[in-house]
Amino acid sequence: MSTPQPRANVAEIPPYVAGRPPTVRPGMTSYKLSSNENPYPPLPGVVEAVQAGVGAMNRYPDMGSTALYAALGESFGVPVDHLSVATGSVGLIYQLVQAFCDPGDEVVYAWRSFEAYPIAVTAAAATSVQVPVLADGRHDLDAMAAAVTDRTKIVLVCTPNNPTGPAVTQTELDAFLAKVPGHVLVVVDEAYVEFVRMDDAVDGIATYRRHDNVVLTRTFSKAYGLAGFRVGYAVAPAPIAGALRAVSLPFGVSTIAQAAAIASLERSAELFERVDELVAERARVVAGLREVGWDVPEPQGNFVWFGLGDRTAEFAAAADEAGIVVRPFAGEGARVSIGEDEANDRLISVAAAFR
Ligand SMILES: *Cc1c(COP(=O)(O)O)cnc(C)c1O
């Protein structure tokens, strides 16, 4: 072949299907419920912190993200060398696979789960081992533990699970960790941790402290409402956090992303009031759906899952007609973010009419 050829795995990388923007309809406000974004505008102080950073755009960011590490360390009570920041937690997932997997090594995760997992695994020429979620959308942690082989380097536990909604309990996670060999890295993807309201909820920080092979990945994209700025962080024992930093993109986290994340941590009390409002809306949506006969898997993130099978496209079209854009997974189901009150009302009506 006379032209440069990428590695064979590159052709096998599945495309990332991003949530669609809403269809513009004259005389009707449309809502985007397709990407699990936070519907609230930024808090005032956050915008000002970002504006200060904008004035310095001719300079590189602080490569060490020093102030952000200090703020994270203080907020979560962890040493700074147990942290690694990145361009969103998607960046962290890429870095984890890059740092821990040789080509052909196995990464075990639930399916359906976060669609960036197969992309990151395939991009590194590692091998995905997908373990089907249970009928109620929960991780089958017994089957996942049983899927660990000599080739397994990483197990990803997505809790709450995107797109199906349920979270694992601390009891389940502890039992799982007891079965997984210590040389296998267990990644607990806590992108939606701030939305969890359940008995026996996972305490990620306490869990990573008890295990040398556990890493938490978290993000400012969802509860903190900074999806457009691309910043996430991992919490892990120092050797793992160090490996993540070693493979990180130099200057990946921009000046404005660092500033916004720090300002958001300073305003977390206000942010969490908004998270509480979204959680209340989630409860209202679930109750509204139950009333009209829909039983969705227990949502612990800022989204609900409709296991529609063959009727998924039809449901997405009906939602679109009502001015809400959902995220269809062809032939499987639709994920719908909890959004503005009006958007949530429309979801309930669409679902009621769809039965
Ligand atoms: C949204 C999401 C992320 C992270 O997104 P970033 O914007 O890259 O921080 C990670 N994991 C899951 C399960 C998600 O849904």
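Bear in mind that the values here come from a model prediction, so they are computed numbers and not experimental data.

Scanning the protein from terminus to terminus reveals 12 helices and 12 strands. Here the C-alpha atoms of the protein give a radius of gyration of 20 Å, agreeing with the 20 Å that 2.2 N^0.38 yields for 355 residues. When its C-alpha atoms are laid out on the principal axes, the protein stretches across 55 × 55 × 50 Å. A burial count over the protein gives 53% of its 355 residues as buried. The long-range fraction of contacts in the protein, counting pairs at least 24 apart against all pairs at least 6 apart in sequence, stands at 75%. Counting only carbon and sulfur atoms, one obtains 56% of the accessible surface of the protein, whose full area is about 15,300 Å². Averaged over its 27 positive side-chain charges, the protein has a centre that lies 4 Å from the centre of its 41 negative ones.

With that settled, the discussion passes to the UniProt feature "modified residue: N6-(pyridoxal phosphate)lysine" (unreviewed entry) in the protein. According to UniProt, the positions carrying the feature "modified residue: N6-(pyridoxal phosphate)lysine" (unreviewed entry) are K222. By the element assignment, K222 lies in the loop between β7 (214–219) and β8 (232–235). The exposure class assigned to K222 is buried, which follows from its relative accessible area of 14%.

Right, let's get into the site of the ligand. Taken together, 13 residues are adjacent to the ligand, and S89, Y192, T219, S221 and K222 come closest. The contact in question runs from a nitrogen atom of the ligand to an N or O atom on the side chain of D189, over 2.7 Å. Here the ligand loses 95% of its free accessible area of 390 Å² to cover by the protein chains. Its residues placed into classes, the shell around the ligand shows five nonpolar, five polar and three charged.

We now examine the sheet that holds strand β2 (residues 83–86). Pairing within the open sheet is mixed, and its seven strands lie in the order β2-β8-β7-β6-β5-β3-β4. The open sheet terminates on both sides in strands that have one partner only, identified here as β2 and β4 (127–132). Direction aside, neighbouring strands of the sheet carry axes that sit 20° apart on average. Across five bridges, strand β5 (residues 152–158) lies against strand β6 (residues 185–189) in parallel orientation. Looking at the pairing, C158 lines up with D189 of β6. Across the sheet, helix α2 (residues 66–76) lies against β2, β7 and β8, angled at about 125° from β2, the strand it touches most.

Evaluated as defined, the whole model comprises 19 salt bridges. Across the salt bridge formed by R290 and D295, the nearest N and O atoms sit 3.5 Å from each other. With its nearest N and O atoms 3.5 Å apart, the salt bridge here joins R311 to E314. Residue class for R311 comes out partly exposed when judged on its relative accessible area of 36%. Shared partners join several salt bridges into a network, and the residues in it are R20, R25 and D320.

Each value, and the rule that gives it
- Residues numbered from 1 in each chain as written.
- Predicted model: local features only at pLDDT ≥ 70, side-chain atom pairs only at ≥ 80, totals over all residues.
- Heavy atoms only, no water.
- Helix = DSSP H or I, 4+ residues; strand = E, 2+ residues; numbered from the N terminus.
- Rg over C-alpha atoms; globule rule 2.2 N^0.38 Å.
- Buried < 20%, exposed > 50% of the residue type's maximum accessible area, 1.4 Å probe, protein only.
- Contact = heavy atoms within 4.5 Å.
- Areas by Shrake-Rupley, 256 points an atom, 1.4 Å probe, with all protein chains shown as cover.
- Lys, Arg positive; Asp, Glu negative; His and termini not counted.
- Charge placed at Lys NZ, Arg CZ, Asp CG, Glu CD.
- UniProt positions renumbered as here; feature names shortened; annotations may be inferred.
- Near = heavy atom within 4 Å.
- Polar contact = N/O pair within 3.5 Å; in protein donor to acceptor, adjacent residues only side chain to side chain.
- Nonpolar A, V, L, I, M, F, W, Y, C, P; charged D, E, K, R; others polar.
- Pairing = 2+ DSSP bridges.
- Axes fitted to C-alpha atoms, helices over the stretch in contact; angles between N-to-C directions.
- Salt bridge = Lys/Arg side-chain N within 4 Å of Asp/Glu carboxyl O.

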